[in-house]
Amino acid sequence: MDTFRSKLVPVTSILAGVVVLWYVFAVILNTPFQRDLDTRANTTPGTVEFIGKTLSQPKPTMPAPHQVAVNFFENTFLRPINSNRSLVYNAWVTLSSTLLGFAFGTALGIVIAVGIVHVATLDRSLMPWIIASQTIPILAVAPMIIVVLAAIGVTGLIPKAMISTYLSFFPVTVGMVKGLRSPELMHLDLMHTYNASRSQTFWKLRVPASVPFLFTSMKVAVAASLVGAIVGELPTGAVAGIGAKLLAGAYYSQSIDIWSALVAGSIVAALLVMVVGIAGRLVDRAMGGRPA
Amino acid sequence: MNWLKPSWQAVLAIVLCLIAVALGAMSKPEAAALADPTASINYPYLGTKGLMLGLAVVAALISMVRMPSVAEAVVLFIGAHLVAWLLISGITGFEGSALAPYFLLLTAAWLLGWRCVAVLSGLRPIAGWLRTALRLVIPAIFGAWILIIWEAVTRGAGIPFILLPPPSAIGVRIASSLPVLGADVRQTIFKAVLFGYVVGSGAGFITAILADRVPFLRRGLLPIGNMVSALPIIGVAPIMVMWFGFDWQSKAAVVIIMTFFPMLVNTVAGLAASGHMERDLMRTYASGYWPTLIKLRLPAAAPFIFNALKINSTLALIGAIVAEFFGTPVVGMGFRISTEVGRMNIDMVWAEIAVAALAGSVFYGVVALVERAVTFWHPSVRGG
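None of these values were measured; they are calculated from a predicted model. (Residues numbered from 1 in each chain as written. Chains lettered and ligands numbered in written order. Predicted model: local features only at pLDDT ≥ 70, side-chain atom pairs only at ≥ 80, totals over all residues.)

The number of helices and strands found in chain A is 11 helices and zero strands. When its helices and strands are written in sequence order, chain A yields α-α-α-α-α-α-α-α-α-α-α. In terms of overall dimensions, chain A is more spread out than a globule: its C-alpha atoms have a radius of gyration of 25 Å, far above the 19 Å expected for 292 residues. Taken over the C-alpha atoms alone, chain A extends approximately 90 × 55 × 35 Å along its principal axes. For chain A, the residues scored as buried account for 40% of the 292 residues in total. The contacts in chain A between residues at least 6 apart in sequence include a share of 77% that link residues at least 24 apart. (Helix = DSSP H or I, 4+ residues; strand = E, 2+ residues; numbered from the N terminus. Rg over C-alpha atoms; globule rule 2.2 N^0.38 Å. Buried ≥ 20, exposed ≤ 12 C-beta atoms within 10 Å, placed from the backbone. Contact = placed C-beta atoms within 7 Å.)

We now examine the overall build of chain B. Helix and strand content of chain B: 16 helices and zero strands. Whereas a compact globule of 384 residues would reach a radius of gyration of roughly 21 Å, chain B reaches 28 Å, over 25% beyond that. Considering only C-alpha atoms, chain B reaches an extent of 95 × 60 × 30 Å along its principal axes. Expressed as a percentage of its 384 residues, the buried residues of chain B come to 44%.

Residues and elements named next belong to chain B. It is at 9 Å that the axes of helix α7 (residues 167-176) and helix α15 (residues 346-374) come closest, and there the two elements cross at 75°. Regarding the angle of α7 to α15, the classification is roughly perpendicular. Along its contact with α7, which presents A169, I170, R173 and I174, the element α15 presents D347, M348, W350, A351 and A354. Taken together, the residues of the contact of α7 with α15 break down into seven nonpolar, no polar and two charged. (Axes fitted to C-alpha atoms, helices over the stretch in contact; angles between N-to-C directions. Parallel < 35°, antiparallel > 145°, perpendicular 65-115°, else oblique. Nonpolar A, V, L, I, M, F, W, Y, C, P; charged D, E, K, R; others polar.)

Attention now moves to the confidence of the model for chain B. Confidence in the prediction for chain B averages 84 pLDDT; 96% of positions are at 70 or higher. Two numbers describe this predicted complex: its pTM, 0.81, and its ipTM, 0.80. (pLDDT = per-residue confidence, 0-100.)

This next bit is on the domain arrangement of chain A. Accessible area lost when the parts come together is the quantity often used to give the size of an interface. Each assigned domain of chain A is listed here: domain 1 (2-62) and domain 2 (87-286). Using C-alpha coordinates to define each centre, domain 1 of chain A is positioned 38 Å away from domain 2 of chain A. (Domains from an automatic or database assignment.)

The next thing to look at is the interface of chain B and chain A. Across the contact, 47 residues belong to chain B and 47 residues belong to chain A. Going through the elements one at a time, α5 (100-122), α6 (128-156), α9 (215-228), α10 (237-244), α13 (289-324), α14 (333-342) and α15 of chain B are the ones with two or more residues in the side of chain B that touches chain A. Looking at the side of chain B that touches chain A element by element, the count peaks at eight residues for α15 of chain B. Here the residues of the side of chain B that touches chain A sort into 38 nonpolar, eight polar and one charged.

Residues and elements named next belong to chain A. Here helix α7 (residues 157-180) is 24 residues long and its end C-alpha atoms lie 32 Å apart, about the 34 Å a rise of 1.5 Å per residue gives. The sharpest bend along α7 measures roughly 30° and falls at F169, with the proline P171 sitting one to four residues further on. For α7, a buried count of 21 out of 24 residues is recorded, marking the element as mostly surrounded by other parts of the structure. (Expected span 1.5 Å × (residues − 1). Bend = angle between axes of the 7 residues up to and from the residue.)

With that out of the way, let us pick up the packing of helix α11 (residues 248-271) of chain B against α13 of chain B. All names here are of chain B. It is at 8 Å that the axes of α11 and α13 come closest, and there the two elements cross at 160°. By the angle class used here, α11 and α13 are roughly antiparallel. Where α11 crosses over α13, the handedness of that crossing is right-handed. The class makeup of the residues in the contact of α11 with α13 is 16 nonpolar, eight polar and three charged. (Left-handed = near helix turned anticlockwise from the far one by under 90°.)

Structurally, chain B comprises domain 1 (8-159) and domain 2 (174-382). Taking the mean C-alpha position of each, domain 1 of chain B and domain 2 of chain B sit 43 Å from one another.

All right, on to the nonpolar core then. With 173 residues, the main nonpolar core has A56, L105, A109 and L112 of chain B as its most contacted residues. Sequence-distant contacts of A109 of chain B, defined by excluding residues within four places in its chain, comprise A56, A80, V83, A84 and L87 of chain B. (Core = buried A, V, L, I, M, F, W, Y, C linked by C-beta atoms within 7 Å.)

All names here are of chain A. Here F73 lies in helix α3 (residues 65-78). Exposure remark for F73: the 12 C-beta atoms within 10 Å place this residue in the exposed category. Spatially, the C-alpha atom of F73 lies 10 Å from that of A264, the residues being 191 residues apart in sequence.

In this section: helix α6 (residues 142-151) of chain A. Among the residues of α6 of chain A, A142, P143, M144, I146, V147 and V148 of chain A are the ones counted as buried. In this fold, the buried residues of α6 of chain A make contact with α7 and α9 (198-232) of chain A together with α14 and α15 of chain B. Downstream of α6 of chain A by a residue or two, G153 of chain A has a phi angle that is positive, lying close to 90°.

This next bit is on the environment of A161 of chain A. Residues and elements named next belong to chain A. Tracing the backbone shows A161 in helix α7. For A161, a count of 24 C-beta atoms within 10 Å gives the class buried. Taking the C-alpha atoms as reference points, A161 and M287, separated by 126 residues in sequence, lie 31 Å from one another. Not counting the four nearest positions on each side in its chain, A161 is found in contact with S97, L100, G101 and F104.

Bringing the environment of I88 of chain B into the picture now. Residues and elements named next belong to chain B. Relative to the helices and strands, I88 is located in helix α4 (residues 69-90). C-alpha separation for the pair I88 and R343, spaced 255 residues apart in sequence, amounts to 29 Å. Discounting chain neighbours no more than four positions away, the residues touching I88 are E151, A152 and R155.

Below, the structure is given as structure tokens:
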């Protein structure tokens, strides 16, 4: 609690500073366009009135925080949930493919990690490729997967989920390999003296030891999975989802919409990471973990 | 039976070859020729079918004889790859006509290749350079087999070109459109990525030093930085495109934002990495903040900083490419990918992805090499 309180004041004051800076920049960035409007309308507003106008443009270069907040509030709470302008609806579309891809990615990552730990051939031949694949900008593949799968009639949730799977299994594999190998030699020797079989060693020693690693990498994976789902919505002018909101906003210069979609995406990301963190702590406690 | 050393891969490969022989024709033209012996129908594997099957079986049999592992690996390597090469070169001109025995033979060759890798990964050479060579050869064979299977399956089964072009077609495409690819690389990597990477990482580094100097900033920025790393920052791309226009500046801006926070968080963590003992030693030398920073804490933070640089090398490429999906001048890797996908030139997309993968690996490799040179004192480097 002490650490929390010692962080609270600095964090809130920095966030407040960001908001103030945001207002300043909103005024500065929107000024040229507002000047332009005023000269055309032949009006010369006072300074206060002018600043008020820069902060209430319908399509500002930089929307003010309160404009984003109002837009976000309207689109989240005031619209029917099944309307495609509702952020809840769009967030749900993105969230569903994120979760599906995340589930597949985690399962795939664990299976590959188990294979790598137990089969020496896989360790020597597959592991270098998995590490090398981290250096590749995989998101570039996203539009192709979407379009190619659409060409053979697979559309909707599955292609987006595939991109999420692709992005989320790397962290899980790497984390799980580390976790499954984390038991010390001493513990492995102990299992040996108990005459434990390979599967007993696996289930009773390696798996429990790997759980903290699994949840740490799952936090990274779920964030990557969300990015994958959002980018997966960009090509083919996707119909719904946070990525589609971003793209539509970019096409029609609805900057306020872009920002509120961004806020929605960030909230979803924060919630997902938090849920994984809480699940990790619950599992840890259920398995008898004690706070260090 | 002392001279025999069976392996399940080799046995299974032989069984698959026998099934392939029993099934007969390897392709539809061959089946037609068999059905009508009087007509002269040209079909694939006219003379090489027996050779391929024989090679696979002989290689599998020899590999089970007890002999030095190196010899076994060589036999398997030659057998597996010769069969695969004959298979792929034989199907030329008859794409899409393969029948079950074709795939059985491919599987048999792959099993031999697997056995080869298994034998190689069992080797424990003493000489250092041999170990390094082995560390490169094993994944190389694995990667080669991915390409072989990809090529053989796409051509044998006649998978539509639009769905998945064979690697050879992608290679041809890369070779024939080098100028276009070069222009894209220049636009995306040499303009957007490098500029954004340097500025973003530099800004993150300077902010981290500032945060280190002012504890209030550190306590406030670190939780925010940690949280931001989980957010889909890539979403700022459309905003940056609106602000900075379609050219590379908007992409560089996205890259700056994406690379800033990993650098900040890692550098702050790294600056806390030096031990109390060393810091106390510096204090007994009456060393001030800046000498301590430069002589002790920054070197101690180097592994963390390089970790951030490595993470950023990938993030920068992703940021620039995805930002180009939101609008670019008519050049750039992300632009090329999204337009060629629209025109269904999938081989060009794959070519671009291959170039992006190569660029990403080279970028990462350069950072890793610099890291080895700079942090030569670190246990992870010294230990080899």
